[in-house]
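Here is how the chains run, residue by residue.
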Amino acid sequence: MIVVILTDIGVLIAEIGNACEKWGFFQVINHGVPLEKLERLEVTVDPDDLKPTQLINCWPQSPPEFKEDAQEYARDLEKLAFKLLELIALSLGLAADRLNGYFKDHASFVRLNYYPSCPSPQLVLGLNRHKDAGALTILAQDVVGGLQVRRKSDGEWVSVRPNPGAFIVNVGDIVQVWSNDKYESVEHRVMVNSEKERLSIPFFFHPAHYIMVKPLEETIDDETPPPKYNEYNWGVYFATKRKNNFKKLPVENIQVAHFKIV
Ligand SMILES: O=C(O)CCC(=O)C(=O)O
Ligand SMILES: [Fe+2]
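Here's a quick rundown of the structure. Remember, predicted model here, so these are calculated numbers, not experimental data.

**Remarks on the site of ligand 1**
(1) Moving on: Lining the immediate environment of ligand 1, one finds 14 residues, of which R111, Y115, H188, R198 and S200 sit closest.
(2) Moving on: In this structure, N113 approaches ligand 1 through a side-chain N or O atom, which is 3.1 Å from an oxygen atom.
(3) Moving on: A distance of 3.3 Å separates an oxygen atom of ligand 1 from a polar side-chain atom of D132.
(4) Moving on: Protein contacts shield 96% of the accessible area of ligand 1, which totals 300 Å² for the unbound molecule.
(5) Moving on: Mapped onto the shell around ligand 1, the elements with two or more residues apiece are β4 (113-115), β5 (125-130), β10 (188-191) and β11 (198-205).

Below you can see the structure in the form of structure tokens.
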């Protein structure tokens, strides 16, 4: 996978654009988020404290500093997300702050994914194949590994080697629609490990619920194809998707493809 070093701005913009077009995924280092903040979350978290109801309704009681550590981490990741958003805007030939307004009341969140080890890893998946619905996902993973990304060139599943200190970034469905398919939201999944449990911490960078999503006018000109998507409301889309996620449905869960102009 392409590793992007956040240093020289011109090179950086070109590399990010290239990675978004070819893979939909890239890793960043020199990102400015102190690693000890991430380690604090990884080390202190006890999987028994991560029952879904507790995550939704209240903060785990122990360790007592968890809430503050998690909030501080989210603030750091928010800063990084805005930096990446601006670089992505620049790589699309837009003004750096072109997309910032959509995130004025952004509804981003951090999730802790815990994958217990499993003696028959070939029989189960940690997380089924999916695309992320939001704008960007910035993922920290521990050293165990298991994330696989669908390579665009041949559709093969490729394992992402853990790179301590790097974040894995992928563009979600919203960037796909904004860029009128220039940057695609790529499928990924998680394999489980037979011996080791795994923790991953994604930060989902989501715009305000009320925004309408459609291809940006700037991505449509005489040389590019006409808009490929009808406009949709992000909040309604996300709520519908979330309600139906992980359920066996008679029809496919909502996807941006359903807004595609055919
Ligand atoms: O755990 C991982 O490596 C990926 C998690 C993921 O794709 C997600 O939470 O959407
Ligand atoms: Fe994901």
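Picking up after the structure, the text goes on.
**Overview of the coordination of the iron ion (ligand 2)**
(1) Moving on: Those protein atoms acting as donors to the iron ion (ligand 2) are H130 (NE2), D132 (OD) and H188 (NE2), and they sit at 2.1 to 2.2 Å.
(2) Moving on: On the primary sequence, the residues serving as donors to the iron ion (ligand 2) are separated as H-x1-D-x55-H. Note that H130 is positioned in strand β5 and H188 in strand β10, a separation of 58 residues in sequence.

**Quick notes on the packing of aromatic side chains**
(1) Moving on: Under the counting rule described, the total for this entry stands at 13 aromatic pairs.
(2) Moving on: Where F82 meets F205, the ring centres are 5.1 Å apart and the plane angle is 80 degrees; that geometry is what we call edge-to-face. With a gap of 123 residues between them, F82 in helix α4 (residues 66-91) and F205 in strand β11 connect regions that are remote in the sequence.
(3) Moving on: The class of F205 is buried, set by a relative accessible area of 0%.
(4) Moving on: Both rings, one in F109 and one in F204, keep their centres 5.1 Å apart while their planes meet at 40 degrees; by these two values the pair is tilted. In this pair, F109 is assigned in strand β3 (residues 109-110) and F204 in strand β11, connecting sequence segments 95 residues apart.
(5) Moving on: For F204, a relative accessible area of 8% gives the class buried.
(6) Moving on: Over the aromatic face of F109 sits the side chain of R242, whose NZ or CZ is 5.4 Å from the ring centroid.

**Observations regarding the sheet that holds strand β7 (residues 147-150)**
(1) Moving on: Here four strands make up an open sheet; going across it, the order is β5-β10-β7-β8 and the pairing antiparallel. Of all strands in the sheet, those bounded by a partner on one side alone are β5 and β8 (157-159). Each adjacent strand pair in this sheet contributes to an overall mean axis angle of 25 degrees, direction not counted.
(2) Moving on: Of the pairings in the sheet, the one linking β7 to β8 comprises three bridges and is antiparallel in character.

Parameters and conventions
- Residues numbered from 1 in each chain as written.
- Chains lettered and ligands numbered in written order.
- Predicted model: local features only at pLDDT ≥ 70, side-chain atom pairs only at ≥ 80, totals over all residues.
- Heavy atoms only, no water.
- Near = heavy atom within 4 Å.
- Polar contact = N/O pair within 3.5 Å; in protein donor to acceptor, adjacent residues only side chain to side chain.
- Areas by Shrake-Rupley, 256 points an atom, 1.4 Å probe, with all protein chains shown as cover.
- Helix = DSSP H or I, 4+ residues; strand = E, 2+ residues; numbered from the N terminus.
- Donors = N, O, S within 2.8 Å, 3.2 Å for Na, K, Ca; no water.
- Phe/Tyr/Trp six-rings, centres within 6.5 Å; stacked < 30°, edge-to-face > 60°.
- Buried < 20%, exposed > 50% of the residue type's maximum accessible area, 1.4 Å probe, protein only.
- Lys NZ or Arg CZ within 6 Å of the ring centre and 35° of its normal.
- Pairing = 2+ DSSP bridges.
- Axes fitted to C-alpha atoms, helices over the stretch in contact; angles between N-to-C directions.

Everything listed is a geometric property; what it means functionally is a separate question.
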